[in-house]
Amino acid sequence: MDMSAVARSNSSRLVVVLSLIALLVLGSTFGVIYYALAGLASRSNQIDDELTAQAARAALRALDQRVRDINSEYSRADHISNPHQGISVFELRIADLCSSTRLGVNFDMFFLMNENMRNLVGCIDGRRMMQSPTEVLGRALAPIVRDVSATLNRNPLRSGFMLTKFGPAAISIGPAWWSANELGSGTPAILVIGKKVDTESVKRMSRDFSITGLMLVSEAAVNPAAAIREPDGRIIGGLGWSPRRPGNRALSQFLPTVYASFMFLTVAFAGMVAAVWLAFRAVHDSNKKTAHAAVHDPLTGLHNRAALVGMLDSLSCTEGRDAAIIFIDLDGFKEINDFYGHEMGDRLLKGFGAGLASLVGEQGGLVARVGGDEFVVLITGSSVDATAQRLASAAISLSTRPLRIGPHTVKVAASVGVASSNLNEITGEELLRRADIAMYEAKRRGGSSIAVYSQDIDQEMKRRLQMAEDMRNGLKTGEFWVACQPIVDASDLKPVAMEILARWTRADGTMVAPVEFIRVAEEHGLIDDIGKFVLEETCAIGKLHPELSLNVNVSTLQMRSLSFLQLVDSTLMRYSIKPDRLQIEMSESRLVLDGSILISVIEGLKARGIRLILDDFGTGYASIAYLRQFQFDALKLDRSLCAEIGRSVNALTMAQGMILVAKAAGLNIVAEGIENKEQANLLKLAGCTHFQGYLFGPPRPPARASLAKTHLLSALQ
Ligand code: C2E
Ligand code: MG
Ligand code: MG
């Protein structure tokens, strides 16, 4: 598990723990709120019950008071003062009382009795009642009646609830003074007024005291707070009601809101946690991507230069590590990129990168892409030299493997530089520089090869670097010039063309051989500047010699871009030189068969009427395929071959063979480096059509070039 994965799992754990804590806090907060609300609800229920009980008690008291008040009202002697239609006052009152019991609004029973509890008259619900009051009203009556009778002089009035024949009833007992005369004893009868606590009266109480669901309950089920008691305290029944439980109602009203809030907060919290988590992940991923991008090449996914340098730095800090670097540069990649487009180029790089990574994967090492088509493999450990050699060869084989990209099959090669050392002796940076130099050496040797770093290579590289630097300055300060050498027709030895050759005389007067500086110019990107200069000079000189064709040497590196055609067009036009006077010499040793742009450029040149000459023919690469592919007009037998003519029979035989082939292809054949008549004669016999060499004139500065004509004519005499 890597560090970022560990950090990520720790952070995940932290987020989970924090979420749990927050959920716990949220949950307990809601628990407390719920508990408080439930408590409040229960207390409200209790209070409501108490209030209802109070109201029930008040209702009973009111009933008691009512029968008491009525009794009091009926006790007065003068209640009805006038006899009516012959009916006695006594009778009228009895009738009045009786009819009131029928209505039953305030009372529904009355009894008139003497102190001996003998019923004089009684009425219940409007019906006369002859039964003994004790029988109807129960045992609690007697002591009260006695008490009232005993205290008549104080006009006593008693009331209370009693368990009657009809159930509990509010009973009031007092003297009925109006009956004293009637009874003749001067002593009033005892008036008992009663109101049954029945369903009707309970309904009225319920209405009057706003007690919902008020009902009469038996003594067994009664709530002591609303009990109906006889004067001696015995419970004879009570009032009950269906509890309203307002707390519960309020709670059930509030709870959905509380639940909804809880749900909302939980969801919001979960959302927040998710958002924090996602944000965290996004930051983490972006950091990871940034960290990955900082050390990886986006195209191939391999490490980049920064990663390589970092690794080299850390290796430099490790005691006594042997390390080797294999520096790979693809040959001919630029052409593929230019011709097939960058997409194809990218696919080639990806394919090669993946192949290289799998090659190295078996050995173990760091693979990086450090430039456009430059790859580096860093290996460490024991026997790095042997491993490096093996990898270098494998990399070349990998590069030359034909790669199918869409309809195309492309093939490149690779120049590989190898450097190894103990990192106690040199820095990682130096090791990389050495591998780079070795790679340049491999490239200089013509590519598709491996060069192992050595001090000599390093010295040579430094010398060439210095030369490139001097050349850059020399081009600015006019140290470059051109020499012209005539080319004659083999039949009459008349000059028909001249070859324009680049020259470099350093400021100190020393001359540098073109073979050397042209190479360095090609290696260090100066060939375009030199080529431009020489073409310019060629046209300027050509203007002075309108009868001669102009042979100019052009490096294939100059022809890797279509802009070369524009350069040729503009320069010819500026000096009014016809394109068919220009003959471009291309060295056989530098031709790249895969150069697709090169082919386009050559076709462009041919289309303009410019002729092509294959230079240095016979230097080892002689191939008829070249002649066909590039549609050359002529070839130049290399001077090394011509120099042997007259000395070696073999050379002549070889030359004859080449000439035959060229002739068959309809080409002119120029023999260069002709220094004596024998060479000229033999090569003329062999079929050469043109000659060039010291015999006909060495390369000279332009001013003296025209002298060649007279000089040559005498040369062959
Ligand atoms: P090249 O194109 O084959 O040029 C002919 C070379 O043969 C010239 O050498 C010339 O001086 C030499 N030469 C001519 N006649 C004789 C002879 O009779 N005997 C001997 N020993 N040598 C003779 P130079 O000028 O040193 O050029 C060497 C090469 O440098 C050229 O070979 C050409 O490949 C390259 N070069 C010269 N100028 C240019 C240039 O402007 N552009 C490019 N790309 N290459 C150039
Ligand atoms: Mg030449
Ligand atoms: Mg040549």
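The structure this text deals with has already been given above.
For the structure given in this document, a descriptive report is provided here. Remember, it's a predicted structure, so these values are computed and weren't measured experimentally.

All right, on to the overall build of the protein chain then. In terms of regular secondary structure, the protein chain is built from 23 helices and 25 strands. Taking 717 residues into account, the globule formula puts the C-alpha radius of gyration at 27 Å, and the protein chain, at 65 Å, lies well above it. Along the first, second and third principal axes, the C-alpha atoms of the protein chain reach 200 × 60 × 45 Å. Taking all 717 residues of the protein chain together, the buried fraction comes to 45%. Relative to all contacts within the protein chain whose residues are 6 or more apart in sequence, the contacts with residues 24 or more apart total 65%. Carbon and sulfur atoms make up 57% of the accessible area of the protein chain, which totals about 34900 Å². A gap of 8 Å separates the mean positions of the 75 positive and 74 negative side-chain charges of the protein chain.

Lining the immediate surroundings of ligand 1 are 22 residues, of which Gln485, Asn553, Asp615, Glu675 and Tyr694 lie closest. Taking Glu672, its side chain carries an N or O atom lying 3.2 Å from an oxygen atom of ligand 1. Here Tyr694 contributes a backbone N or O atom positioned 2.7 Å from an oxygen atom of ligand 1. When ligand 1 sits alone it has 790 Å² of accessible area, and the protein chains cover 87% of it. Of all elements in the fold, only β18 (495–505), α14 (514–523) and β22 (611–617) reach the threshold of two or more residues within the shell around ligand 1. When its residues are assigned to classes, the shell around ligand 1 shows 9 nonpolar, 5 polar and 8 charged.

By the definition in use, this model includes 1 disulfide. Each sulfur of the disulfide joining Cys98 and Cys123 lies 1.7 Å from the other. Linking Cys98 in helix α2 (residues 89–103) with Cys123 in strand β2 (residues 119–124), this pair joins segments that are 25 residues apart in sequence. The pair formed by Cys98 and Cys123 is uniform in burial state, with each residue classed as buried. With no disulfide of its own, Cys539 lies 12 Å from the sulfur of Cys484, the closest cysteine sulfur.

With respect to burial, strand β6 (residues 189–196) is a largely interior element, 8 of its 8 residues being buried. Of the two faces of β6, both are covered, the one formed by Ala189, Leu191, Ile193 and Lys195 as well as the one formed by Ile190, Val192, Gly194 and Lys196. By the bridge criterion, 5 bridges tie strand β1 (residues 109–113) to β6 in an arrangement that is antiparallel. When the bridges of β6 are listed, Phe111 appears paired with Val192.

Right, let's get into the coordination of the magnesium ion (ligand 3). Every protein donor of the magnesium ion (ligand 3) is accounted for by Asp615 (OD), Asp616 (OD), Glu672 (OE) and Glu672 (OE), and the metal-donor separations fall at 2.2 to 2.7 Å. Taken as a pair, the magnesium ion (ligand 3) and the magnesium ion (ligand 2) lie 4.1 Å from each other and share Asp615 as a ligand. Residue Asp616 is classed as buried on the basis of its relative accessible area, which comes to 16%.

Okay, the nonpolar core next. By size, the foremost hydrophobic cluster in this structure holds 73 residues, and its most contacted members are Met471, Met559, Ile584, Leu605, Leu637, Leu683 and Phe691. Sequence-distant contacts of Met471, defined by excluding residues within four places in its chain, comprise Phe480, Trp504, Phe517, Val520, Ala521, Leu526 and Ile530. Listed in part, the 35 residues of the second largest apolar core include Val67, Trp178, Val197 and Ile211.

As a further point, take the environment of Ser397. You can see Ser397 is positioned in helix α11 (residues 384–400). The spacing of Ser397 and Asp638 is 241 residues in sequence and 32 Å in space, taken between C-alpha atoms.

This part covers the coordination of the magnesium ion (ligand 2). Listed as protein donors to the magnesium ion (ligand 2) are Glu499 (OE), Asn553 (OD1), Glu585 (OE) and Asp615 (OD); their distances from the metal cover 2.0 to 2.2 Å. The sequence pattern describing where the donors of the magnesium ion (ligand 2) fall on their chain is E-x53-N-x31-E-x29-D. The exposure class assigned to Asn553 is partly exposed, which follows from its relative accessible area of 28%. What makes Glu585 buried here is its relative accessible area of 1%.

This part covers unusual backbone geometry. Negative phi is the rule for most residues except glycine; trans is the rule for most peptide bonds. The phi torsion at Asp125 lies on the positive side, around 50°, for a residue other than glycine. Locating Asp125 in the fold gives a position in the loop between β2 and β3 (127–128). A positive phi angle, close to 50°, is found at Ser210, a residue other than glycine. Its place among the elements puts Ser210 in the loop between α6 (199–208) and β7 (215–217). Ser210 sits in the exposed class, given a relative accessible area of 56%.

What counts as what
Residues numbered from 1 in each chain as written. Chains lettered and ligands numbered in written order. Predicted model: local features only at pLDDT ≥ 70, side-chain atom pairs only at ≥ 80, totals over all residues. Heavy atoms only, no water. Helix = DSSP H or I, 4+ residues; strand = E, 2+ residues; numbered from the N terminus. Rg over C-alpha atoms; globule rule 2.2 N^0.38 Å. Buried < 20%, exposed > 50% of the residue type's maximum accessible area, 1.4 Å probe, protein only. Contact = heavy atoms within 4.5 Å. Areas by Shrake-Rupley, 256 points an atom, 1.4 Å probe, with all protein chains shown as cover. Lys, Arg positive; Asp, Glu negative; His and termini not counted. Charge placed at Lys NZ, Arg CZ, Asp CG, Glu CD. Near = heavy atom within 4 Å. Polar contact = N/O pair within 3.5 Å; in protein donor to acceptor, adjacent residues only side chain to side chain. Nonpolar A, V, L, I, M, F, W, Y, C, P; charged D, E, K, R; others polar. Disulfide = S-S within 2.5 Å. Pairing = 2+ DSSP bridges. Donors = N, O, S within 2.8 Å, 3.2 Å for Na, K, Ca; no water. Core = buried A, V, L, I, M, F, W, Y, C linked by side-chain atoms within 4.5 Å.

Any link to function would need more than the numbers given here.
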